[in-house]
Amino acid sequence: MEGQVLTQTPAVSRSDSASTRERRLPDWRGLWYGPFLWSALGCLVLAAISAAVLPTVPSYDPWAWISWGREVIDPHLSFAISGGPSWKPLPVMFTTVWALFGSAAAPTLWVITARAGGLLGIVAAYLLASRLIRGPRWAKVAAGLIAGAGIVITQAWWDEMFRGTSEPMLIATALWAVLAHLDGRRGWAFSLGVATSLIRPEAWPLIIVYAAWLWWKEPRLRVLVVLGLFSIPFFWFVPPWVGSGQPFLAAVHAEEYNGDLGKHPLFTVLGRGVDIQLLPVLLAGVVAVAFAWFDKPRDRLLLALAGGTLVWWVIVVGMTLDGYPGLERFYLPAAGMTCVLAGVGIVRLGLLGARVVPRRRGATAVAIGLTAVLVAITIPFVGGRINQAGAEEKIASQAVTRLDQMTAAVAAVGGHHGVFPCKSSFAAVNHSVQTALAWKLHVTLGRVGTSMRHQGVMFVGPHDSIDGIEPPIDPRLTQKQLIAHVGAWKMYRMTAPNSDYRCVGR
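Given the structure is predicted, the values throughout are model-derived calculations rather than measurements. (Residues numbered from 1 in each chain as written. Predicted model: local features only at pLDDT ≥ 70, side-chain atom pairs only at ≥ 80, totals over all residues. Heavy atoms only, no water.)

(A) How the structure looks around the overall build of the chain. Scanning the chain for helices and strands turns up 20 helices and five strands. Each principal axis of the C-alpha atoms in the chain carries an extent, and together these give about 105 × 90 × 45 Å. In the chain, which comprises 506 residues, the proportion classed as buried is 49%. Sequence-distant contacts in the chain: of pairs separated by 6 or more residues, those separated by 24 or more amount to 70%. Accessible area of the chain: about 24,800 Å², with a carbon and sulfur share of 65%. (Helix = DSSP H or I, 4+ residues; strand = E, 2+ residues; numbered from the N terminus. Buried < 20%, exposed > 50% of the residue type's maximum accessible area, 1.4 Å probe, protein only. Contact = heavy atoms within 4.5 Å. Areas by Shrake-Rupley, 256 points an atom, 1.4 Å probe, with all protein chains shown as cover.)

This is the structure:
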């Protein structure tokens, strides 16, 4: 119409408006890391099945973590982490959640978690070794299988798996952190590195270096980096401070245990680093590093992984010389990566030998055959580890029986109230089952000793690898009265002459 001003609004397509909405919404896709999450789900299922068909009982340290988890949520218990093993933050995070499911379920749920972590380490070793091989499909599969098998025959891996310790989980967090980085999931890689740092302090220098790299390369992750780095000292030092008044209690406990290092700690700890994996596995890992160095161009990724493994060794040795126990299991992340490198080294040797065959089909057969021969050469070294693994099922079965008898023994002396009629009452037991008895009696670890240093009730089991040494008795406690006998357990009322017996249990 004449004199009327017409205003035309630019057309907005549906696709443009949709893309605008997508930009406004947070991108949650970065939180999904399929390989890890699906692998974790599968390993959890397998671990749950194992708990149903195999003997399932925690060992000394896991019972402490389970007890501390209960103390966090139980209003009738104080949070007191003295009187047990060294504090480890990540396991207690899990056990605190599992404590919500009740006393009957919490121990089994933790063992399932630890076993799932161990299986995740095997999966990670397979995937990482397969990725590091430049070659045909069969070579990738062979390298992965060799790496996974190397994890399984790592020293004491079966024992750690059966009894719910955190060390197999340590391999998983370390190797999956590397895989996540290679997959471009840097947030996942950092988070898994933090998880590793919440199990072993040896990971701290490495995660700090990675955090600095992320700060520079991935500005979008800076909030995560700050929170992750803050969480490490917070969870290592604040709970011990609250629970004992000593923020550095974990370090104190570690230094108090000398680790049987002998007169030459350096040679002892180096020997343990070599012994934790089979010698052929270690040599094959060195072969892989040699291939990476002489490749044209050099395989920088493999060399970096080998360098990280060496750094872990240096940290363990350095901490040992500084007064820490230097146990074999401290090397486990390095041993896990060595198994990965060994898978690569053995397959690369097979591929190298096949180069002399002119025909392609024949070369493949030769390479596979040589790889099989190299694996077969390691079999004589594997026998001892396989026998050790086979014995673990029997030991775990005995531990289950002993724990069931302990449960009956606790009931025979009147349970918690029978043993602890007063807040000052005391009990003692064989060293290796102190934490389990504290769980059964529903008390903090400090109220159950590994020596009979006060009047109270003494539980005595066999002196073996399951229960450990019997509790030494204070010479003042000369009056010993047998009050119950259940299975392998004997319970005594230990008192001193002319003392007040009112707070001494049954």
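(B) Looking closely at a nonpolar patch on the surface. A surface patch of nonpolar side chains, amounting to about 820 Å² of accessible area, comprises Trp32, Trp38, Leu41, Val45, Leu46, Ile49, Val53 and Leu54. Judged by relative accessible area, tryptophan 32 falls into the partly exposed class, the value being 45%. (Patch = residues over 30% accessible without salt bridge, like charges linked within 9 Å, V, L, I, M, F, W, Y side chains within 5 Å. Salt bridge = Lys/Arg side-chain N within 4 Å of Asp/Glu carboxyl O.)

(C) Quick peek at the packing of aromatic side chains. The tally for this structure, following the rule as stated, stands at 20 aromatic pairs. Ring geometry for phenylalanine 94 versus tryptophan 110: centroids 6.2 Å apart, planes at 50°, classification tilted. On the criterion of sequence distance, the pair formed by phenylalanine 94 in helix H4 (residues 89-99) and tryptophan 110 in helix H5 (residues 106-132) is long-range, its members being 16 residues apart. Here tryptophan 110 falls in the buried class, since its relative accessible area comes to 0%. Ring pairs connect the aromatic residues Tyr33, Phe36, Trp176 and Trp188, which therefore count as one cluster. The positively charged end of lysine 480 is found above the aromatic ring belonging to tyrosine 492, 4.4 Å away from the centroid. (Phe/Tyr/Trp six-rings, centres within 6.5 Å; stacked < 30°, edge-to-face > 60°. Lys NZ or Arg CZ within 6 Å of the ring centre and 35° of its normal.)

(D) Quick peek at the sheet that holds strand S3 (residues 456-460). Within the open sheet, the five strands sit side by side as S2-S1-S3-S5-S4. Their pairing is mixed. Edge strands, defined here as strands with exactly one partner in the open sheet, are strand S2 (448-449) and strand S4 (479-486). Across two bridges, strand S1 (residues 427-428) lies against S2 in parallel orientation. Its bridge partner lying in S2, alanine 428 is registered against glycine 449. (Pairing = 2+ DSSP bridges.)

(E) Representation of the packing of H4 against H5 in the model. Contact geometry for H4 and H5: axes closest at 9 Å, N-to-C directions at 140°. One finds that H4 runs oblique with respect to H5. Crossing of H4 against H5: the hand is right-handed. Facing H4, whose interface residues are Pro91, Phe94, Thr95, Trp98 and Ala99, H5 presents Ala106, Leu109, Trp110 and Thr113. (Axes fitted to C-alpha atoms, helices over the stretch in contact; angles between N-to-C directions. Parallel < 35°, antiparallel > 145°, perpendicular 65-115°, else oblique. Left-handed = near helix turned anticlockwise from the far one by under 90°.)

(F) Spatial organisation of the environment of glutamate 470. Mapping glutamate 470 onto the fold places it in the loop between S3 and S4. Considered as a pair, glutamate 470 and serine 432 are 38 residues apart in the sequence and their alpha carbons are 9.3 Å apart. Ignoring sequence-local partners within four residues, the contact set of glutamate 470 consists of Asn430, Val460 and Gly461.

(G) Layout of the side chain of arginine 493. Within the fold, arginine 493 resides in strand S5 (residues 489-495). No salt bridge is formed by the buried arginine 493, whose closest oppositely charged neighbour, aspartate 500, lies at an N-O distance of 8.3 Å. Here tyrosine 501 takes part through its backbone oxygen, which lies 3.5 Å from a polar atom of the side chain of arginine 493. A polar side-chain atom of arginine 493 sits 2.8 Å from the main-chain carbonyl oxygen of glycine 505. Excluding residues within four positions of it along the chain, arginine 493 makes contact with Gly456, Gln479, Lys480, Gln481, Ile483, Tyr501, Val504, Gly505 and Arg506. (Lys, Arg positive; Asp, Glu negative; His and termini not counted. Polar contact = N/O pair within 3.5 Å; in protein donor to acceptor, adjacent residues only side chain to side chain.)

(H) Structural detail: helix H14 (residues 279-294). Given a rise of 1.5 Å per residue, 16 residues ought to cover 22 Å, and the 23 Å separating the end C-alpha atoms of H14 matches this to within 8%. Of the surrounding elements, those touching the buried residues of H14 are helix H13 (265-275), helix H15 (300-321), helix H16 (332-353) and helix H18 (379-412). (Expected span 1.5 Å × (residues − 1).)

(I) Seen up close, the nonpolar core. Counting residues in each nonpolar core, the largest one holds 126 residues, and the members touching the most others are Trp176, Val340 and Phe459. Not counting the four nearest positions on each side in its chain, tryptophan 176 is found in contact with Tyr33, Pro35, Phe36, Ser39, Leu120, Val123, Ala124, Leu127 and Leu192. Residues Phe426, Ala428, Met452 and Met458 belong to the second largest nonpolar core, which totals nine residues. (Core = buried A, V, L, I, M, F, W, Y, C linked by side-chain atoms within 4.5 Å.)

(J) Molecular detail of the pattern of salt bridges. According to the stated counting rule, one finds 12 salt bridges in the structure shown. The partner of arginine 329 in a salt bridge is glutamate 167, with the nearest N and O atoms 2.9 Å apart. A residue pair is termed long-range when its members are at least 10 positions apart, and arginine 329 in the loop between H15 and H16 and glutamate 167 in helix H8 (residues 167-182) qualify at 162 residues. For aspartate 295, the salt bridge identified is with arginine 348, shortest N-O distance 3.0 Å. Placement of the pair is aspartate 295 in the loop between H14 and H15 and arginine 348 in helix H16, with a sequence separation of 53 residues. Arginine 348 shares its class with aspartate 295; the two are buried. Beyond isolated ion pairs, a larger network of salt bridges with shared partners links Lys88, Glu167 and Arg329.

(K) Up close: the confidence of the model for the chain. In the predicted model, the chain carries a mean pLDDT of 89, and 92% of its residues have values of at least 70. Contacts from residues 1-28, a stretch scored under 50 in pLDDT, to residues over four places away or in other chains number one contact. (pLDDT = per-residue confidence, 0-100.)

(L) View of the side chain of aspartate 61. Tracing the backbone through its elements, the reader meets aspartate 61 in helix H3 (residues 60-73). The buried charged residue aspartate 61 lacks any salt bridge partner; its closest oppositely charged side chain belongs to arginine 329, at an N-O distance of 4.4 Å. Not counting residues within four places of it along the chain, the set of residues in contact with aspartate 61 comprises Pro85 and Arg329.

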